[in-house]
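Breakdown of the fold
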Amino acid sequence: SNNQNSTPGGQVSPRQMRMKELTTDLLACISDTDAVEKLLESNEDFLMEQLNNDGVVLDPDSVYDPSMNRAERFARYKEVMEERIGNARAPAAKNVLSALRDFVTRRE
């Protein structure tokens, strides 16, 4: 089956596991703006890695193409996040995704 959340062989990438943990932590404190901001700041390198670093190794299921430059990656990031926010059913999930998007796009 073509599961978008797994790498070949059905392995979840370390990056996805970390993202899942971060999302869970954000959900737990989403009503506390300061806590959200601190959490995002402490994960800034991780969040920005694939956007800022042209030479970064991309997961096979990455939304980015290795040939994309920084501006193209940011454009793609915004597109993907808008879609995810639109598809999220729970208001808290929408808030988490919006917080991530806003944090990242402020660094463009």
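To be clear, the structure that these remarks concern was listed above.
Report follows, based on the coordinates. (Residues numbered from 1 in each chain as written. Predicted model: local features only at pLDDT ≥ 70, side-chain atom pairs only at ≥ 80, totals over all residues. Heavy atoms only, no water.)

1. Thoughts on the pattern of salt bridges
In the structure shown here, the tally under the stated rule is 7 salt bridges. R15 is the partner of E49 in a salt bridge, and the nearest nitrogen-oxygen pair spans 3.0 Å. Residue E49 is located in helix 3 (residues 44–52), and its partner R15 is located in helix 1 (residues 14–29); the two are separated by 34 residues in the primary sequence. Looking at E49, the relative accessible area reads 34%, which means it is partly exposed. Among the residues examined, R15 registers a relative accessible area of 19% and is labelled buried. Several salt bridges converge on common partners, so that one network encompasses E82, R101 and D102. (Salt bridge = Lys/Arg side-chain N within 4 Å of Asp/Glu carboxyl O. Helix = DSSP H or I, 4+ residues; strand = E, 2+ residues; numbered from the N terminus. Buried < 20%, exposed > 50% of the residue type's maximum accessible area, 1.4 Å probe, protein only.)

2. Some words on the nonpolar core
Ranked by size, the top nonpolar core spans 25 residues in total, and within it L26, L40, L47, L100 and V104 carry the most contacts. Counting residues per element, this core draws most heavily on helix 5 (residues 91–105), at 6 residues. In contact with L47, not counting residues within four places along its chain, are R15, M19, L22, L40, L100, F103 and V104. (Core = buried A, V, L, I, M, F, W, Y, C linked by side-chain atoms within 4.5 Å. Contact = heavy atoms within 4.5 Å.)

3. With respect to helix 5
Residues spaced three or four apart along an α-helix point in a common direction, a consequence of the helix completing one turn every 3.6 residues. An ideal rise of 1.5 Å per residue puts 21 Å on 15 residues; helix 5 measures up with 21 Å between its terminal C-alpha atoms. Among the residues making up helix 5, those that are buried are V96, L97, S98, A99, L100, R101, F103 and V104. For helix 5, the secondary structure elements touched by its buried residues are helix 1, helix 2 (33–42), helix 3 and helix 4 (70–87). (Expected span 1.5 Å × (residues − 1).)

4. Remarks on the side chain of R101
Summarising the element assignment, R101 is placed in helix 5. The buried category is assigned to R101, whose relative accessible area is 17%. With sequence-adjacent residues up to four places away left out, R101 is seen in contact with Y77, M81, E82 and I85.

5. Remarks on the packing of helix 1 against helix 3
Helix 3 packs onto helix 1 with a crossing angle of 135° between their chain directions and a minimal axis gap of 11 Å. By the criterion of interaxial angle, the relationship of helix 1 to helix 3 is oblique. For helix 1 against helix 3, the interelement crossing comes out left-handed. Of helix 3, the residues touching helix 1 (which contributes R15, R18, M19 and L22) are F46, L47, E49 and Q50. Here the residues of the contact of helix 1 with helix 3 sort into 4 nonpolar, 1 polar and 3 charged. (Axes fitted to C-alpha atoms, helices over the stretch in contact; angles between N-to-C directions. Parallel < 35°, antiparallel > 145°, perpendicular 65-115°, else oblique. Left-handed = near helix turned anticlockwise from the far one by under 90°. Nonpolar A, V, L, I, M, F, W, Y, C, P; charged D, E, K, R; others polar.)

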